Amino acid sequence: MLHGCENSGKPAPDKGFRVTFPVQTGAVSYYNAFPEFGGGPLRSRFGSIHLCRLWFFLLATFTAAQTAEQRTARYFESVRKRPQLLLAFLKDLPKGGDLHNHLEGAIYAEDWVDFAAEDNLCVDRTTSRLIAPPCDSCESYTAKPAMRCAYGDHILYNQTIDAWSMRNWRPGEESGHDHFFATFEKFRLAFHGHVGEGVAAAANRAGQDHLQYVEFMHTADGGQAAQIAAKAGWADDFGKMRESLLAAGLKDVAAATDKKLEADEARAHDVMKCGTAEAAPGCGVTVRYLYQVLRGLPHEIVFAQILLGFELASSHPRFVGLNLVMPEDWYVPLHDFNQHMAMLDYLHTVYPKVHISLHAGEIAMGLVPPEDLTFHIRASMEKGHAERIGHGVDVMNERGPLDLLKEMAARNVLVEISLTSNDMILGVTGDDHPLPIYMHYGVPVAISTDDEGVARSDMTHEYLRAVQGYNLSYPEVKRMARQSLEHSFLPGESLWTETKLRFRFVTACAGDAAGAGKPSSGCQKFLVANERARVQWKLEAEFAMFEKKF
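This section reports on the structure supplied with the text. (Residues numbered from 1 in each chain as written. Predicted model: local features only at pLDDT ≥ 70, side-chain atom pairs only at ≥ 80, totals over all residues. Heavy atoms only, no water.)

### Section: the overall build of the protein
Inference 1: Within the protein, the secondary structure is distributed over 23 helices and 14 strands.
Inference 2: Relative to its full complement of 550 residues, the protein shows a buried share of 53%.
Inference 3: Counting only contacts in the protein whose residues sit at least 6 apart along the sequence, the fraction spanning at least 24 positions is 72%.
Inference 4: When the accessible surface of the protein is totalled, it reaches about 24,300 Å², and 54% of it is carbon and sulfur. (Helix = DSSP H or I, 4+ residues; strand = E, 2+ residues; numbered from the N terminus. Buried < 20%, exposed > 50% of the residue type's maximum accessible area, 1.4 Å probe, protein only. Contact = heavy atoms within 4.5 Å. Areas by Shrake-Rupley, 256 points an atom, 1.4 Å probe, with all protein chains shown as cover.)

Here's what the structure looks like:
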């Protein structure tokens, strides 16, 4: 506070004189006061006019000396306890990439209703599950009305939205875990003919959230790999199993899957009006895919899908890796966990350049027997060759957890943090969540949405949860955004040569201002050759524009 400068021509009443203002240093924000100006009444020999001049000179000097990042951090601290201003700040914040995003789960229930109505699907009023026509009439309380009936029946509409998402869910007879995972089978019938529209909806939300990149998990083959596996049967020899599946046409399935996705993306671009003056925000988001393996299915199908994921990611640029999904606590994923890791271990030797991210540690005490909490994360790294871990909630229940954390930091294995999902599904939040522990041990982390449509969230509110729940500083938030792109599976070299203690540009761009509109010729050449670096450069440009506001 500054007292006595309102009327510079008159001495101010002797109420004492204190100068305080926030200073940002590193990741810590605090208040610094000039000792000669504070702590009690100041008996100035020069008069208040001289003190005011001195104050304005010091303030101008201090402001000029601050970097844009420091000014932004200072503002961030000023709104930390003001949720609505903090929300507005985080809404505009450039956020990098969303590395853990299930395409089906990213779509809001309202969109599913539209897709289902367009396809003339029916809905079972008792279970809220979509079924094929013919449908009943729209009269009240018919058993299987057409989904379009919901537009004129607010009870049916609201019942459907609640059943297909976590909206209005309350703890009771059904756990959050069970309600969450039950949603997918209810709306899935509407997905097959609307993948393109789903990509558009999810990409647009990412663009509105100021994301530069998304990796969608997507089982894009429509069950073709499962059909081949069912005919081929199981063989204990992984090499022979691979040969039989490829001979049965799995490479053709990979080619057809990529072609189908090409058509779906074209449809998404049409929906978003990309390339026109009315282009939607999603047009500016770089989108890639992880092939999504359904690990709750019979082992021959799981192997076939893992193999298809490796084939897609090694030959088709839209696919940048693979991941194994379905609840980690279900019987088959638990019972066959070690076998799944063995499959990945073998196929990694055949396709060593394919990227792998794995759900691991999305379990908690009481959900599974204690012994099942002790090894999934470590095995996913060491046997499954995971470069990233999805969730990692139970890390402190693993054998030798501190050594594991050090190993993760040494290997530079990133953890995809999904706070809303972990709260709703596992009931793990606040001090029970290991996010601060990962950060303390130097394990890279990035905020992710998981299933933002089902969870009724978005990336902005995920960041809000992280900031409010764990008192993150602006440099820590910025680091997470940068790390999300650093650990993306985009091809090419990184923009950074160092990311642990600080972020340092590669030599080609070392003399350039971060995100400059016209990089030097050497930097431009490097960016053209490396897609990952180009997206990272875009993030830096958006950070530079964002920080100019403060």
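### Quick look at the pairing of strand β10 (residues 388–391)
Inference 1: Alignment of strand β9 (residues 355–360) against β10, held across 4 bridges, turns out to be parallel. Paired with Ala360 across the strands is His391, a residue of β10.
Inference 2: The β-α-β motif built from β9, the intervening helix α15 (residues 376–382) and the parallel element β10 has right-handed crossover chirality.
Inference 3: Bridge analysis of β10 against strand β11 (residues 414–417) gives 3 bridges, and the strand direction is parallel. Within β11, the residue paired with Arg388 across the bridge is Leu414.
Inference 4: Crossover β10 to β11 through helix α16 (residues 401–411) is right-handed. (Pairing = 2+ DSSP bridges. Right-handed = clockwise from strand over helix to strand, strands pointing away.)

### Observations regarding the sheet that holds strand β3 (residues 96–102)
Inference 1: Taking strand neighbours across the sheet as the criterion, the 8 strands line up as β3-β6-β7-β8-β9-β10-β11-β12 in an open arrangement whose pairing is parallel. The strands lining the two open edges of the sheet, one partner per strand, are β3 and β12 (445–447). Adjacent strand axes in the sheet meet at a mean angle of 25°, parallel and antiparallel pairs treated alike.
Inference 2: One ladder, built from 3 bridges, connects β11 with β12; its direction is parallel. Opposite Val415, over in β12, you have Val445 as the bridge partner.
Inference 3: Against the sheet, helix α8 (residues 195–208) contacts β6 (211–218) and β7 (286–294), and its axis sits at roughly 145° relative to β6.
Inference 4: On the sheet, helix α20 (residues 459–470) packs against β3, β6 and β12 and is oriented at approximately 125° with respect to β12. (Axes fitted to C-alpha atoms, helices over the stretch in contact; angles between N-to-C directions.)

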